Amino acid sequence: MSSFQIFLRRALPGASAAFFAAALCLAPPSAAAQNQPPGRPWMNKSLSPDQRADLVMQQMTLDEKMNFVHGTGWNGLRPDAEIPKGSLGGAGYVVGVPRLGIPGINMADSAVGVRLAAQGGHYATLLPSVLGAACSWDPSALFLYGDVIGRELRDIGYNMSIGGGVDLMREPRNGRNFEYAGEDPLLAGTMVGNLAKGVQSRQVMGDIKHYAFNDQETGRTIVNAEIGQQAARESDLLGFQIAIGIAHPAGVMCSYNKDTVTPPGGTDWSCENDYLLNQVLKKDFNFKGFVLSDWGGTHSTVHAALSGLDQEQPGSQYFGDPLEQAVKSGQVPQSRLDDMVHRVLRSMFANGVIDNPPVTQVPNPFQGRDDAEHIADESIVLLKNSGSILPLSSSVQSIAIIGAHADVAVLSGGGSAQVDSPGGNAVRPHPGASYWNEHIWFPSSPLREIRKQAPNAKIEFNPGTDPAAAAQFAASSQIAIVFVSQWMSEGMDRPSLALPVVDENGTKVNQDALVDAVAAANPHTIVVLETGGPVLMPWADKVQGILEAWYPGIGGAQSLAAILFGQVDPSGRLSATFPQSDDQLPHPKVPGIDLKPASHRHFDELPPFDADYAAEGARVGYKWFESENKTPLFPFGYGLSYTTYEFSGLTVDASAHTATFTVRNTGSVAGTEVAEVYAVLPASTGENAYRRLTGWDRVTLAPGESKTVTVDMNPLTLSVFDVAKNAFTLPSGDYQILAGSSSSDTPLTATMHVAE
Ligand code: BGC
């Protein structure tokens, strides 16, 4: 079989599964829907979700309505919390109206797979990190990602996902970056929008979070994010706008932090910010679903209700009795309460959770693993391949595998995105579910999968805890592969982009020193990174190969081995810039990181502080680097393939907003290139010091094959936000359109003239 055929064989099953899932209506209508009980006109599916919601509301009492606007406590999140009747013990539960046939809402965290599965004895697939999946630049892979989550939520009985993080990577040291989709609003919005759409294709309500500017974890419950309105709309808010436009999610979760967006100015918590919730989200983005607070992120009753919050989570401190009193006294109009309830109910109808409630069954771990592997195949990024050390030949004689528990496992990220590992933590097993801030390793063994690829080679493992011993071990092998890791979690940021000094059972391991030592002993050293985000690589010049695997998920080892041996062409391209140093960032230190609470949970005890996001404004990531003339270690959009590509013949159509050009595979193996299109706006905008991603296409090419692609340029990314008009406008003038293989490698340029 040729490498092209192998590549297609691996690429197609997952992708087609995603499309079939979308095309078929999945499960048959439930018995409840077929035998519509008399007197329930809202079960008439020919009516719109809004009409159906209104019909239910005509029958609801005030108490029943009140149940819809708050949660029922911490449920499964706190060991001492009560689990109400009907709750599955996930992150949240909202009481339904059984007498009217309206189910409760069972919500589960599910950023990278379903959380808290272990406590019910369920299996849940660990997917690659969202940041990694975004490196696929493949909307169908992200749809599949959401499809896996929706499928497994349904199997366990949940009807709402609270994943879907789309906060931009303003702060590459943010502990939650692995849950988000990188630094560009078009890429992140498109990827996460498709993820949430995939969830909802399984008739499970989806969510997009954390709205807005929750771009760091340090002091997340007290920090005030400051930014100008134009920059806000062209960066983080644009990411949300694009994701919401694609997915039409049931929920948008407002974030813990405060925001000051100037003008209109004023500082308000995200969950009671009239500008962000009422004006931007509900009016400008036309969001029809409901705004739910992050867990404990509600701060008031009347102000929050009037500012656009629809549902307090997880409890009822503000939206329970106090809201009922406020409605009765007229401080909050009845129409506003009805609007909140309507938004929840119409989302339930729109997503089929009333017509086709979940039917529990055992989640399919085999399909989950295959899907996770398919996504990992497209997520892993080849950063360096000097002397074409990769792909390795199956006739290689010896490989020294070193570090990061690569004999047994791959790493996962922590916090509310934690998925429970099948069989428990593969590295430090203990009975029961995982606990907060435990570093969880999943049983996907790179050593075993690499051995399968080269059955006759001598392939041994060294833990890498002693750099000198690891170097000695590596010296006698033909090839050395060093695995390094960076664990990240909600509730923390890393103080620096440097690879952490990891603590392996009491032994401190300086991972940079480990790579240095091995590279000095073996000239054929390859580094595999399992990181939550970008890291520094002071040793980059000393090694021959670098592969960024992110947190690669339960199929990670298979995917890594397939890429290392060339069964799969690496097609991942960076969804975020890798800086050379912390000093290159807009904030050389994470804002507030020097404040020292006992733990992140105690930040509330400190005085609030500001994160000055106006410093970089809309120039997040590569835009900052270009406009400040800084050269990163690896640029946004970058990634190598096992073949080479040539770009030619760019033409642009100014009225259709398209860029057309040809991509040719000039190498000897099949591969997939991400053809990226950037735009520099006319000088009159004052925003011409940097390029913006405006569109892309993934192009799979046999050796020697050429394809002419026409890339749609998203008009929002060609526009500027005009604060006076409160609208995006397409400025007239000359745009420079650039096409190529990364944000800093664009061999093709053309001018696009937009007339007055
Ligand atoms: C996180 C949310 C999460 C919620 C429920 C919060 O701490 O910020 O992302 O959905 O907890 O677990």
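Treat the numbers as computed from the prediction; the structure is a model and nothing was measured. (Residues numbered from 1 in each chain as written. Predicted model: local features only at pLDDT ≥ 70, side-chain atom pairs only at ≥ 80, totals over all residues. Heavy atoms only, no water.)

Our focus in this paragraph is the site of the ligand. In the vicinity of the ligand there are 14 residues, among which Asp109, Arg176, His210, Asp294 and Glu490 approach most closely. Note that an oxygen atom of the ligand is positioned 3.2 Å from one of the side-chain N or O atoms of Arg115. Within the side chain of Glu490, one N or O atom sits 2.6 Å away from an oxygen atom of the ligand. Surface burial for the ligand is 94%, taken as the share of its 310 Å² of free accessible area covered by protein chains. In terms of residue class, the shell around the ligand is made up of 5 nonpolar, 2 polar and 7 charged. (Near = heavy atom within 4 Å. Polar contact = N/O pair within 3.5 Å; in protein donor to acceptor, adjacent residues only side chain to side chain. Areas by Shrake-Rupley, 256 points an atom, 1.4 Å probe, with all protein chains shown as cover. Nonpolar A, V, L, I, M, F, W, Y, C, P; charged D, E, K, R; others polar.)

On to helix α6 (residues 139-156), then. Given 3.6 residues per helical turn, the α-helix brings residues three or four places apart onto the same face. Given a rise of 1.5 Å per residue, 18 residues ought to cover 26 Å, and the 26 Å separating the end C-alpha atoms of α6 matches this to within 8%. One or two positions beyond α6, positive phi appears at Gly157, with a value near 115 degrees. (Helix = DSSP H or I, 4+ residues; strand = E, 2+ residues; numbered from the N terminus. Expected span 1.5 Å × (residues − 1).)

Our next topic: the pairing of strand β15 (residues 479-486). Two faces make up the sheet, and in a regular strand the side chains alternate between them. Most of β15 is tucked away: 8 of the 8 residues are buried. Along β15, one buried face is formed by Ile479, Ile481, Phe483 and Ser485 and the opposite face, lined by Ala480, Val482, Val484 and Gln486, is buried too. One ladder, built from 7 bridges, connects β15 with strand β18 (residues 525-531); its direction is parallel. Each residue of the ladder has a partner; that of Gln486, found in β18, is Thr531. (Buried < 20%, exposed > 50% of the residue type's maximum accessible area, 1.4 Å probe, protein only. Pairing = 2+ DSSP bridges.)

Here we come to the packing of aromatic side chains. Under the counting rule described, the total for this entry stands at 11 aromatic pairs. Measuring from ring centre to ring centre gives 4.4 Å for Tyr622 and Phe636, while their planes differ by 15 degrees; the resulting arrangement is stacked. Of this pair, Tyr622 sits in helix α19 (residues 622-627) while Phe636 is found in the loop between α19 and β21 (645-653), placing the two residues 14 residues apart along the sequence. According to the relative accessible area criterion, Phe636 is buried, its value standing at 0%. Judged by centre distance (5.9 Å) and plane angle (80 degrees), the rings of Tyr622 and Tyr678 are edge-to-face. Taken as a pair, Tyr622 in helix α19 and Tyr678 in strand β23 (residues 671-680) lie far apart in primary sequence, 56 residues in all. Both residues of the pair, Tyr622 and Tyr678, belong to the buried class. Taken together, Trp137, Tyr622, Phe636, Tyr678 and Trp696 form an aromatic cluster joined through their ring pairs. Between the NZ or CZ atom of Lys258 and the centre of the ring of Trp269, over which it lies, the distance is 4.6 Å. (Phe/Tyr/Trp six-rings, centres within 6.5 Å; stacked < 30°, edge-to-face > 60°. Lys NZ or Arg CZ within 6 Å of the ring centre and 35° of its normal.)

What follows concerns the sheet that holds strand β3 (residues 160-161). Across the sheet, which stays open at both edges, the 3 strands sit in the order β1-β2-β3 with mixed pairing between neighbours. Each of the sheet's edge strands pairs with one partner strand only, and the pair in question is β1 (92-94) and β3.

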